[in-house]
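# A closer look at the structure
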Amino acid sequence: MSGDSASRGPVAVVGAGPVGLTAALVLARTGVPVTLLESRETLATESRASTFHPSTLDLLDELGVAAALRRQGRTVDRVQWRDLDGLVHAELDYSVLSGHTGHPYRLHVEQARLTPLLLAELHATGLADIRFGATVTGAEDTGDGVRLRTRDAAGRTTVTRHPYVLAADGSRSRLRELAGLPGTAEEYPDYALRVVTGTPLDELVPGLAALAYVRDARASFSALGMPDHWRLIFRIPRGTDRDAVLAPDAVRARVEQALPGAAGRAVRVADAHTYRLARFLLPRYRAGRVLFAGDAAHLTSTAGGLNMNCGLHDAVETGRALAAVLRGDAPDDTALDAALERRRSVVETAVIPRSEARTAGLDSAAELPARLAFLRRTAEDPHAAADYLFKASLLDVAPRPLKGEAHADLVSQAHR
């Protein structure tokens, strides 16, 4: 392969989830041709991440998909902490972020609603070769590019050449394995039980916010109101038998304990399933000309929905930096390396600590009163409330929107 053919070829983005599609769209919008490779035959539709923070919505607005996503989601303007008896310990209103973000709210909507919007915008650029059913089986870094080997659903092998490859192929990243990078995650002491109900819980539980954290010595869990259902998320100690946890009678008993004011038997359980909670961070986000983003680079606790939002931020910042290199706006890879290191640092110093802080002390009756007292003090102080939501929304560590200066102003205030 000649150096010229590699440098002129399209960037390969592996993975058509939210992160891969966002990165591909950022590149294509700046005039960089992309080849998008996805091993599935279609976009994923299963239930996964469902929370979009103000910082992320600002960036999605820049890409032209935030408004359409909001129309399909549930706008959440407050976050609430309460106990099993209905006492609201603290409540924060996202309006304190008005003027500092174009989206002073959280949006609850399935990530599967976002990916078709991104895909349509990517098609519209005319700069994307999108290949579903294409599984990467080999990657050779040639120094001036990467030779990728893929296999289609019929078993045919294709070899393509790219100046760079962006791996957004998830927590079981094949590109990470091919690059010889570590991929072992550290499991948390708990796993999650998610119970889904179509019952409108806010009609049964007086004052229940669409984002509520129940913190009680008897039981703690999270309640998320989605456009057409509610999710109750419980932390279960690792080692607890999952079959026993998922037994219908056990799920029913847990829901009745969690929602005593909802006349538990009126709550219709549509689904209950468990998923693991783990932490993982690549030692570096680059192996030669293969770059990593999203779950291929990091995993954190799902508390607060930070990991997926951080992955979308990875896609935007990495895509911008890579486009600058390929357009010749940057003299070398220094700015790209700086962007990748910045993205890694955000996970290490902000995302992991903040997501873990959300659930710290939940199992300790002794620590709970102090935690609730802190939340009450925060809610009573407008500056503390703004700072809490600002950081909980990753506004201080997200890529800066290219439109407007409001984001930069709030970042400056947060660091004073």
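Residues numbered from 1 in each chain as written. Predicted model: local features only at pLDDT ≥ 70, side-chain atom pairs only at ≥ 80, totals over all residues. Heavy atoms only, no water.

Under an unreviewed UniProt entry, the name given to the protein chain is FAD-dependent monooxygenase, and the organism recorded is Streptomyces zaomyceticus.

### Structural notes on the overall build of the protein chain
Regarding its fold elements, the protein chain presents 14 helices and 20 strands. In terms of overall dimensions, the protein chain is globule-like: its C-alpha atoms have a radius of gyration of 22 Å, near the 22 Å expected for 416 residues. Taken over the C-alpha atoms alone, the protein chain extends approximately 70 × 50 × 35 Å along its principal axes. The buried share of the protein chain, reckoned over its 416 residues, is 51%. In the protein chain, the share of contacts with a sequence separation of at least 24, taken over all contacts with a separation of at least 6, comes to 72%. As displayed, the protein chain offers around 17500 Å² of accessible surface, 50% of which is attributable to carbon and sulfur atoms. (Helix = DSSP H or I, 4+ residues; strand = E, 2+ residues; numbered from the N terminus. Rg over C-alpha atoms; globule rule 2.2 N^0.38 Å. Buried < 20%, exposed > 50% of the residue type's maximum accessible area, 1.4 Å probe, protein only. Contact = heavy atoms within 4.5 Å. Areas by Shrake-Rupley, 256 points an atom, 1.4 Å probe, with all protein chains shown as cover.)

### Brief notes about the pairing of strand β9 (residues 135-141)
The pairing of β9 with strand β10 (residues 146-151) spans 6 bridges and is classified as antiparallel. Opposite V136, over in β10, you have T150 as the bridge partner. (Pairing = 2+ DSSP bridges.)

### Examining unusual backbone geometry
The phi angle of most residues is negative, glycine excepted, and most peptide bonds adopt the trans form. Within the chain, L394 stands out as a residue other than glycine whose phi angle is a positive 60°. In this structure, L394 sits in the loop between α13 (382-392) and α14 (406-414). Judged by relative accessible area, which is 1%, L394 ranks as buried.

### As for the sheet that holds strand β18 (residues 286-287)
With mixed pairing, 6 strands are arranged side by side in an open sheet as β8-β2-β1-β12-β19-β18. What marks the edges here is a single partner per strand, and that holds for β8 (128-132) and β18. Note that strand β12 (residues 165-167) and strand β19 (residues 290-292) share 3 bridges and pair parallel. Across the sheet, A167 pairs through a bridge with F292, a residue of β19. Across the sheet, helix α5 (residues 111-125) touches β2 (34-38) and β8, and the angle it forms with β8 is around 135°. (Axes fitted to C-alpha atoms, helices over the stretch in contact; angles between N-to-C directions.)

### Concerning the packing of helix α2 (residues 18-29) against α5
In helix packing, the relevant descriptors are the interaxial angle and the interaxial distance, both defined with respect to the helix axes. With their axes 9 Å apart at the nearest point, α2 and α5 run at an angle of 25° to one another. By the angle between their axes, α2 is roughly parallel relative to α5. With respect to the hand of their crossing, α2 and α5 are arranged in left-handed fashion. Facing P18, L21, T22, A24, L25, A28 and R29 of α2, the residues of α5 in contact are Q111, L114, T115, L118, L119, E121, L122 and T125. Taken together, the residues that form the contact of α2 with α5 break down as 9 nonpolar, 4 polar and 2 charged. (Parallel < 35°, antiparallel > 145°, perpendicular 65-115°, else oblique. Left-handed = near helix turned anticlockwise from the far one by under 90°. Nonpolar A, V, L, I, M, F, W, Y, C, P; charged D, E, K, R; others polar.)

### Describing the packing of aromatic side chains
For the coordinates displayed, the defined rule picks out 3 aromatic pairs. Taken together, a centroid distance of 5.1 Å and an interplanar angle of 35° make the contact between F221 and F234 tilted. Residue F221 is located in strand β15 (residues 221-225), and its partner F234 is located in strand β16 (residues 230-237); the two are separated by 13 residues in the primary sequence. F234 carries the same exposure label as F221, and that label is buried. Members of the aromatic cluster, connected to one another through ring pairs, are W81, Y213 and Y388. Seen from the ring of Y164, R289 lies directly overhead, with NZ or CZ sitting 4.7 Å from the centre. (Phe/Tyr/Trp six-rings, centres within 6.5 Å; stacked < 30°, edge-to-face > 60°. Lys NZ or Arg CZ within 6 Å of the ring centre and 35° of its normal.)

### Things to note about the pattern of salt bridges
Under the definition given, this model contains 25 salt bridges. Linking R74 and D202 is a salt bridge whose minimum nitrogen-to-oxygen distance equals 2.9 Å. With R74 in strand β4 (residues 74-76) and D202 in helix α7 (residues 201-204), this pair connects stretches of sequence that are 128 residues apart. Assessed through its relative accessible area of 23%, R74 is described here as partly exposed. (Salt bridge = Lys/Arg side-chain N within 4 Å of Asp/Glu carboxyl O.)

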